[in-house]
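# Architecture and fold: a report
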Amino acid sequence: MTVRIRPHLLDLPSYRAGRRPSQVAVGNAVKLSSNESPFPLLPGVAESISAAAGELNRYPDPNQGALRDVIAEDLGVDASQVVVAGGTLALFGPLLQCVVAEGDEVVFAWRTFEAPVTATAILGGRPVLVPLRDWRHDLAAMADAVTERTRAVVVCNPNNPTGTVVKNGEARQFLDRIPPDTLVLFDEAYVDFVTDPDVPDGVELLRAGYENVASLRTFSKAQGLAGLRVGYCVTSERLAAVLTRLVPVFSVSRLAQAGAVASMSPEASKEKTARLQLTTSERERVSTRLREAGIGVPASQGNFVWLPVGESSAELAGKLEAEGVIARAYPPDGVRVTIGLPEENDAFLAAATPLLREKSHP
Ligand SMILES: Cc1ncc(COP(=O)(O)O)c(C=O)c1O
């Protein structure tokens, strides 16, 4: 007898991680496939993690008190509105579980980050995918797609993999059309890279009175702690109280809590700001160079750029890889390339520009 697995779980897609240099044939390949930070740990982080290592025989703080306090203070919210987990990837499931039952609908833009789509399918929910328009969320069409079965709408802002954003006015108009008992999940993994002042932020919207908003954020990107696994949700106190019970206790390790707190110190924050400036100016430089090579790169507000090369995305990523640059293909739509250190970006541009000039892409 084989174990009776719930049928809807049999065909779930696996998480697709970016390829690593050890997986490619070229030596010293540049890894621009996972939107990671290219920088070393922020000042003070390694020391705090080492100090915490001495107490690994003890369970970590189950309430992540110190970490939740610094996050809450930074964002001007109450600590009771903050729920921490082992990365935002560990929050999609529990957060959706708060509202989605078998057969319920969750509205997404497509293409977007796949993880919450899969989390919806795991719960037996039905993802409703609304095509991007000009690589941006079509918020009006997403609001139109809401039915009485809809329990959540997910807005990835900036959107992975296209880097595009929703603007303040359209976000508020959209929220005004969504029933107030329907969760609106803003996936804001890249919020720190936003330089456009007209881009709303989930926490701001929550504070403005949209109590059905939840903002998901991470220490993996701007703080450069992808390997440590810390993400958090900021939402209403009521929803946070329920979500807290669904996140496995002790899943944020002592090392993770200590490292994340240290990454928010004034000294670390100052360095983080300098690195963000470098990354966002590199993003503009790379985007301009790609446009000069004839490719219609949409304006990105993340730490990555989107090359809308359509059907040739797998081929382009393969050719870049042969040149020692690992990017991420999303066939049949495009290729996403992370902004790295200036010399890594130069390596990418040197490999990509002749390839892009070979063909004219839409
Ligand atoms: C939009 C988006 N959300 C969430 C995540 C996952 O973040 P974490 O490392 O906190 O699990 C990513 C990772 O690339 C992402 O692109």
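Residues numbered from 1 in each chain as written. Predicted model: local features only at pLDDT ≥ 70, side-chain atom pairs only at ≥ 80, totals over all residues.

## Quick look at the overall build of the protein chain
In terms of helices and strands, the protein chain carries twelve helices and twelve strands. A compact globule built from 362 residues should have a C-alpha radius of gyration of about 21 Å, and the protein chain, at 20 Å, falls within 12% of that. On the principal axes, the C-alpha backbone points of the protein chain span a range of 55 × 55 × 50 Å. Burial analysis of the protein chain (362 residues in total) assigns 45% to the buried set. Counting only contacts in the protein chain whose residues sit at least 6 apart along the sequence, the fraction spanning at least 24 positions is 72%. (Helix = DSSP H or I, 4+ residues; strand = E, 2+ residues; numbered from the N terminus. Rg over C-alpha atoms; globule rule 2.2 N^0.38 Å. Buried ≥ 20, exposed ≤ 12 C-beta atoms within 10 Å, placed from the backbone. Contact = placed C-beta atoms within 7 Å.)

## Points about the sheet that holds strand β3 (residues 105-110)
Taken in spatial order, the seven strands of this open sheet run β2-β8-β7-β6-β5-β3-β4, and their pairing is mixed. The sheet terminates laterally at β2 (82-85) and β4 (126-131), the two strands that pair on one side only. The mean angle between the axes of side-by-side strands here comes to 20 degrees, regardless of whether they run parallel or antiparallel. Set on the sheet, helix α8 (residues 237-246) makes contact with β2, β7 (213-218) and β8 (231-234); between it and β2 the angle comes to about 25 degrees. (Pairing = 2+ DSSP bridges. Axes fitted to C-alpha atoms, helices over the stretch in contact; angles between N-to-C directions.)

## Describing the site of the ligand
In the vicinity of the ligand, 13 residues are found, and the nearest of them are Gly87, Leu89, Ala189, Thr218 and Ser220. For the shell around the ligand, the per-class residue count stands at five nonpolar, seven polar and one charged. (Near = placed C-beta within 6 Å. Nonpolar A, V, L, I, M, F, W, Y, C, P; charged D, E, K, R; others polar.)

## Regarding helix α1 (residues 45-53)
Since the α-helix advances by 3.6 residues per turn, residues separated by three or four positions end up pointing in the same direction. Of the positions making up α1, those classed as buried are Val45, Ser48 and Ile49. Across the axial projection of α1, the buried residues extend over an arc of 100 degrees, all falling on one side. The exposed residues of α1 that point more than 90 degrees off its buried face are Ser50 and Ala51. Those residues of α1 that are buried lie in contact with α9 (254-262) and α10 (266-292). (Arc of directions from axis to C-beta.)

## Considerations on the domain arrangement of the protein chain
Considered domain by domain, the protein chain is made up of domain 1 (12-41 + 267-358) and domain 2 (45-265). The distance between the C-alpha centroids of domain 1 and domain 2 comes to 24 Å. With 28 residues of domain 1 at the interface, the matching set in domain 2 holds 32 residues. Looking at the side of domain 1 that touches domain 2, the elements with two or more residues in it are α10 and β9 (304-307). No other element matches the seven residues that α10 contributes to the side of domain 1 that touches domain 2. Split into classes, the residues belonging to the side of domain 1 that touches domain 2 amount to 14 nonpolar, nine polar and five charged. (Domains from an automatic or database assignment.)

## A short note on the pairing of β7
The buried count for β7 comes to six of six residues, which makes it a mostly enclosed element. Neither face of β7 is open: one carries Val213, Ser215 and Arg217, the other Ala214, Leu216 and Thr218, and all of them are buried. Inspection of the sheet shows strand β6 (residues 183-187) paired to β7 by four bridges, in the parallel sense. Bridge pairing in β7 links Leu185 to Ala214. A crossover links β6 with its parallel partner β7, the connecting element being helix α7 (residues 202-207), and its sense is right-handed. The sheet contact formed by β7 and β8 spans four bridges and is antiparallel. Across the sheet, the residue bridging to Thr218 is Gly231, located in β8. (Right-handed = clockwise from strand over helix to strand, strands pointing away.)

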